[in-house]
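Residue strings, one per chain:
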Amino acid sequence: MTTTLRPSGPLQQTSGGARSRPYEIRVNSRPVGALVIASDTPFGPSVGEIRDLLVEEPDRRRGRATVAALAAEEVLRGWGCRRVRASVPAGSAGGLRLAAALGYTEYSRTMDKELPPEPPALSEGVLARPMTAAEYEDWQAGAIEGYAADWVGRGMSTEAARAKSLADHEALLPRGQDTPGVTLTVLEAAGALVGHLWLAARGEGSYVYDVVVDPAHRNRGYGRDLMLLAEGQALAAGHRSLGLHVFTDNTPALRLYESLGYRPTSFNYAKDLL
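Just so you know, these numbers come straight off a predicted model, no measurement behind them. (Residues numbered from 1 in each chain as written. Predicted model: local features only at pLDDT ≥ 70, side-chain atom pairs only at ≥ 80, totals over all residues. Heavy atoms only, no water.)

Engineer: Help me understand the environment of Q233 in this model?
Structural biologist: As for its placement among the helices and strands, Q233 is situated in helix α5 (residues 222-236). Its relative accessible area of 18% is what places Q233 among the buried residues. Leave out the neighbours within four places in its chain, and Q233 touches T183, T185, L197 and L199. (Helix = DSSP H or I, 4+ residues; strand = E, 2+ residues; numbered from the N terminus. Buried < 20%, exposed > 50% of the residue type's maximum accessible area, 1.4 Å probe, protein only. Contact = heavy atoms within 4.5 Å.)

Laid out in structure tokens, this is it:
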């Protein structure tokens, strides 16, 4: 039996070169699953994505998904892509095995925690307060540059990274500090500003968009205090879950989140198309 991809919808293409097309996974003429192939992710048209890959239960564990993923990579090569990305739900054991078998490397993950009923206490001598307007201006400039630098370090062009950072911050903070559902807080210890937190409502829970300890005050437990502060603020907003995103190479942050009880909800993978 031969596993192939067959377009199930028209090719969508923008004037800027973005492409997207849905496909059926077929064994001979019989449909057994589906996926979406896309390019022009935030990294630009040279990076493609395989999305929503699903093989129906009776045809699983027969190599259908492997053949479909390899065929999708060939489509992306034909579109001029040099790299491919894919996101796999943490509960998809088959998807995780497939990513490993095809040589994909994890670069980031999303994580989530179900919060306890009572807010946790911060360390003695630590004080949280709202960010002032002047502090917000300084933080915003640094946050935009820092977020762009993160993406440049992961292969995005400087121009694209800057544009993405500006667009994301504008979308998430359209009214600055007055954006509904947003909390911007600074953490002080012994009168010194040691870190900041950006928390916002997302879906039915809260989400940590930015949490940073000042470099001069790291390795003193303030990162943990900021995350405990986030839990308390989420509970005060009536939320029982708290989510975040972390790059896998940020080992200290990943270890902190794991120690606090955060668990992966999805893994983000990529590999070069040779």
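Engineer: Please clarify how the pattern of salt bridges should be interpreted in this entry.
Structural biologist: Pairing between side chains of opposite charge can happen when their charged atoms approach one another. Applying the stated criterion across every chain yields a total of 18 salt bridges. R109 is paired through a salt bridge with E258; the nearest N and O atoms lie 3.8 Å apart. Of this pair, R109 sits in strand β7 (residues 105-114) while E258 sits in helix α6 (residues 251-259); the two residues are 149 residues apart in sequence, bridging distant segments of the chain. By relative accessible area, which is 11% here, R109 ends up buried. On the accessibility criterion, E258 (37% relative accessible area) is partly exposed. One salt bridge connects E145 with R162, and the closest N-O pair in it is separated by 2.0 Å. Of the two residues, E145 is situated in helix α3 (residues 133-152) and R162 in helix α4 (residues 158-172); the sequence distance between them amounts to 17 residues. (Salt bridge = Lys/Arg side-chain N within 4 Å of Asp/Glu carboxyl O.)

Engineer: So what exactly am I meant to see when it comes to the packing of aromatic side chains here?
Structural biologist: By the definition in use, this model includes seven aromatic pairs. Centre to centre, the rings of Y147 and W151 are 6.2 Å apart; their planes meet at 80°, and the pair counts as edge-to-face. Separated by four residues within a single helix, Y147 and W151 lie in helix α3, roughly one turn from each other. A relative accessible area of 9% places W151 in the buried class. Put simply, the rings of Y136, W139, W198, Y207 and Y209 touch in pairs and so form one group of aromatic residues. Cation over ring: R202 sits above Y207, and NZ or CZ is 4.1 Å from the ring centre. (Phe/Tyr/Trp six-rings, centres within 6.5 Å; stacked < 30°, edge-to-face > 60°. Lys NZ or Arg CZ within 6 Å of the ring centre and 35° of its normal.)

Engineer: For this particular structure, what's the right way to read the pairing of strand β13 (residues 263-272)?
Structural biologist: Each regular strand carries side chains that alternate between the two faces of the sheet. In the sheet, strand β6 (residues 83-89) pairs with β13 via seven bridges, with the strands oriented antiparallel. Considered in β13, the bridge of R85 is made with A270. Here seven bridges tie β7 to β13, and the two strands are oriented antiparallel to one another. By the bridge assignment, M111 is partnered in β13 with P264. (Pairing = 2+ DSSP bridges.)

Engineer: Any chance you could explain unusual backbone geometry here in plain terms?
Structural biologist: Glycine aside, a negative phi is what most residues show, and trans is what most peptide bonds show. Within the chain, A190 stands out as a residue other than glycine whose phi angle is a positive 55°. Checked against the element boundaries, A190 lands in the loop between β9 (182-189) and β10 (192-202). Phi is positive for N219, close to 65°, though the residue is something other than glycine. Tracing the sequence through the fold places N219 in the loop between β11 (205-213) and α5. By relative accessible area, N219 is classed as exposed at 83%.

Engineer: Is there a simple way to explain the nonpolar core in this structure?
Structural biologist: Note that soluble globular proteins tend to have their nonpolar side chains buried in a common cluster. With 27 residues, the main nonpolar core has V208, M227, L242, L244, Y257 and Y262 as its most contacted residues. Those elements that provide at least two residues to this core are β9, β10, β11, α5, β12 (241-247) and α6. In this structure L244 touches R109, T110, M111, Y207, V208, M227, Y257 and Y262, once residues within four positions along its chain are discounted. Core analysis: the second largest hydrophobic core is formed by 26 residues, V27, V55, A86 and Y104 among them. (Core = buried A, V, L, I, M, F, W, Y, C linked by side-chain atoms within 4.5 Å.)

Engineer: Is there a simple way to explain the pairing of β9 in this structure?
Structural biologist: Within β9, seven of the eight residues are buried, which leaves it mostly tucked inside the rest of the structure. One ladder, built from five bridges, connects strand β8 (residues 126-130) with β9; its direction is antiparallel. When the sheet's bridge partners are listed, L127 is paired in β9 with E188. Where β9 folds back on β10, the antiparallel hairpin that results is connected by two residues, among which A190 adopts a positive phi of roughly 55°.

Everything listed here is a matter of coordinates, which is why it stays silent on function.
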